[in-house]
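An overview of the molecular structure
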Amino acid sequence: MELPPRLRQAVDEILRDTPIADIRKAAELLSQRYRSEVRDGRLHVSDRLAVTAYLATRLPATYATVRASLAAIAEIRPAWAPRSLLDAGGGPGSVLWAARDQWPSLEDATMLEASEVMSRVGVALARESGARTTWVAADIARAVPALERADLVTLSYVLGELVPTAIDPLIERLWELSADVLLVVEPGTPAGWQRILLVRDRLIALGALIIAPCPHAERCPLVAPDWCHFSRRVARSRRHRLAKDADIPWEDEKFIYLAVSRKPNDTAFARVLARPRAASGTVRLKLCSPTGQLEERLVTKRQGDDYKVARRVDWGDRL
Ligand SMILES: C[S@@+](CC[C@H](N)C(=O)[O-])C[C@H]1O[C@@H](n2cnc3c(N)ncnc32)[C@H](O)[C@@H]1O
């Protein structure tokens, strides 16, 4: 997956005059902060160099995983065409761009962001997005301002930056503000999964209906050290490789998401929880079932059409 050309060009324009050595140093600091999961309420990205590091090394990945999460929603709700977006912790506008790509119907976006320097970059990039965007300076850990409800409300890669006590009130408020779908995306780490599980419990208690990825609203059947996550392959630009000191022209970005709605899913499905393992004449699938069970299913060539389907599905797909 790559950034849309207009976004890539706009990002290149912003990064053009920043020396790679500076971006590399800032990227190291940023990834250290993300890896150690510091949750002291301080913004991770609050200076110009950190923002350039985010654009060069994180935006392609968060765009790709949000885009995949939105595609999973669209698969379940093919006729849905949201017109308004409210994105909390909008950063450079990763969700805005991914949502416009998934739903060209999206006309209006409100972006809540606490970092002034991040907002400035987001505003500049959003000019190319084709949507009317309003950026609101807000500390969502304290309060979400009074706003109109939006068809789609999103919170992407933000929970890990908030003090834990801020999460429940924020989720409650975002659910109030969603006219239909609320999507939360997190890194696909065990800690990211745990945060999503807490959000899932809270949203179920508030009456939200899960539409993806879980095919049920029972307890998650996975038990640590296992954890639920998906993966997207992300192309690395030359600048991205230099900033990360990496040779490989791609990276596999793990992520976890939760989409809830005010409307239920119409169809039952199982979710593929790992890369299918194919051997001669067999495919082994790890599935989350509609009844909330974890299932290891062996599909053999003798099963005809089921086997053909099993050979086609991938990690994260519905079955
Ligand atoms: C990791 S970035 C994610 C950006 C974007 N959502 C994405 O998926 O790429 C987290 C963003 O949330 C913002 N943020 C963190 N804490 C916040 C708070 N308390 N209020 C508003 N924004 C916040 C940060 O400034 C940053 O732009």
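Here the structure is shown first, and the text comes after it.
Here's what I pulled together on the structure shown here.

Thoughts on the overall build of the protein
The secondary structure content of the protein amounts to 9 helices and 12 strands. In terms of C-alpha radius of gyration, the protein reaches 20 Å, essentially the compact-globule figure of 20 Å for 319 residues. With respect to the principal axes defined by its C-alpha atoms, the protein has extents near 60 × 45 × 35 Å. Taken across its 319 residues, the protein has 50% of its residues classed as buried. Nonlocal contacts in the protein, meaning residues at least 24 apart in sequence, comprise 72% of its contacts between residues at least 6 apart. Accessible surface for the protein amounts to roughly 15200 Å². Of this, 50% is attributable to carbon and sulfur atoms.

Description of the layout of surface pockets
In this model, the largest pocket occupies a volume close to 650 Å³. For the largest pocket, the lining is made up of 25 residues, of which Y34, R35, R58, P187 and E253 are closest to its centre. If you list the elements that add at least two residues to the lining of the largest pocket, you get α2 (20-35), α3 (48-76), β5 (178-187) and β8 (250-261). Along the lines of polarity and charge, the residues of the lining of the largest pocket split into 7 nonpolar, 7 polar and 11 charged.

Re the site of the ligand
In the neighbourhood of the ligand, 21 residues make up the surrounding shell, with Y54, S94, E113, D139 and S156 lying closest. Between an oxygen atom of the ligand and a side-chain N or O atom of T62, the distance comes to 2.9 Å. Here an oxygen atom of the ligand and a side-chain polar atom of S156 are 2.5 Å apart. Isolated, the ligand exposes 590 Å² of accessible area, and the fraction of that covered by the protein chains is 98%. Split into classes, the residues belonging to the shell around the ligand amount to 11 nonpolar, 7 polar and 3 charged.

Quick notes on the pattern of salt bridges
What the rule picks out here adds up to 20 salt bridges. Close ionic contact of E253 with R58 constitutes a salt bridge, the shortest N to O distance being 3.0 Å. Of this pair, E253 sits in strand β8 while R58 sits in helix α3; the two residues are 195 residues apart in sequence, bridging distant segments of the chain. We classify R58 as buried; its relative accessible area is 16%. Put simply, R233 and D252 hold a salt bridge, and the shortest N to O gap is 2.8 Å. With R233 in strand β7 (residues 230-235) and D252 in strand β8, the pair connects residues that are 19 residues apart, well separated along the chain. Residue class for D252 comes out partly exposed when judged on its relative accessible area of 35%. Taken together, the shared-partner salt bridges in this structure form one network comprising R77, D180 and K263.

A look at helix α7 (residues 190-205)
Between its first and last C-alpha atoms α7 spans 23 Å; for 16 residues at 1.5 Å apiece the expected length is 22 Å, and the two agree. Along α7, the positions that sit buried rather than exposed are G192, W193, R195, I196, L197, V199, R200 and L203. As for α7, its buried residues are in contact with α6 (167-176), β5, β6 (209-212) and β8. Backbone geometry just after α7 places G207 at a positive phi near 95°.

Rules used throughout
- As a convention, each chain's residues are numbered from 1 in the sequence order in which they are written.
- Under the rules for a predicted model, residues below a pLDDT of 70 receive no local features and side-chain atom pairs below 80 are neither given nor counted, while totals for whole chains, interfaces and linings still include all residues.
- Note that water and hydrogens are dropped before the side-chain values are worked out from all heavy atoms of the structure.
- Helix and strand definitions here come from DSSP, where helices need a minimum of 4 consecutive H or I residues and strands a minimum of 2 consecutive E residues; each element is numbered from the N-terminal end.
- The reference for a compact globule is 2.2 Å times residues^0.38; the radius of gyration itself is calculated from the C-alpha atoms.
- Relative accessible area decides the class of each residue, using a 1.4 Å probe on protein chains only: under 20% of the type maximum gives buried, over 50% gives exposed, and in between gives partly exposed.
- The contact definition used throughout considers only heavy atoms, calling two residues in contact when any of these lie within 4.5 Å.
- Residue-level accessible areas treat just the shown protein chains as cover; the underlying method is Shrake-Rupley with a 1.4 Å probe.
- In this analysis the probe radius is 1.4 Å and the grid spacing 1 Å, with only protein atoms considered; a cavity is a set of points the probe fits into but cannot get out of, a pocket is an open set with protein on both sides within 12 Å along at least five of seven lines, and lining residues have an atom within 4 Å of a point.
- Grid points are joined across faces, edges and corners, and a volume is the space filled by probe spheres set on the points.
- Put simply, Ala, Val, Leu, Ile, Met, Phe, Trp, Tyr, Cys and Pro go in the nonpolar bin, Asp, Glu, Lys and Arg in the charged bin, and everything else, Gly too, in the polar bin.
- Working definition: residue near molecule or strand if any one of its non-hydrogen atoms lies within 4 Å of it.
- By the criterion applied in these results, polar contacts are pairs of N or O atoms within 3.5 Å in which, for protein atoms, one can donate a hydrogen and the other can accept it, and in which residues neighboring in sequence qualify only through two side-chain atoms.
- We define a salt bridge as a side-chain nitrogen of Lys or Arg found within 4 Å of a carboxyl oxygen belonging to Asp or Glu.
- Here, expected helix span is obtained from the residue count minus one, scaled by 1.5 Å.

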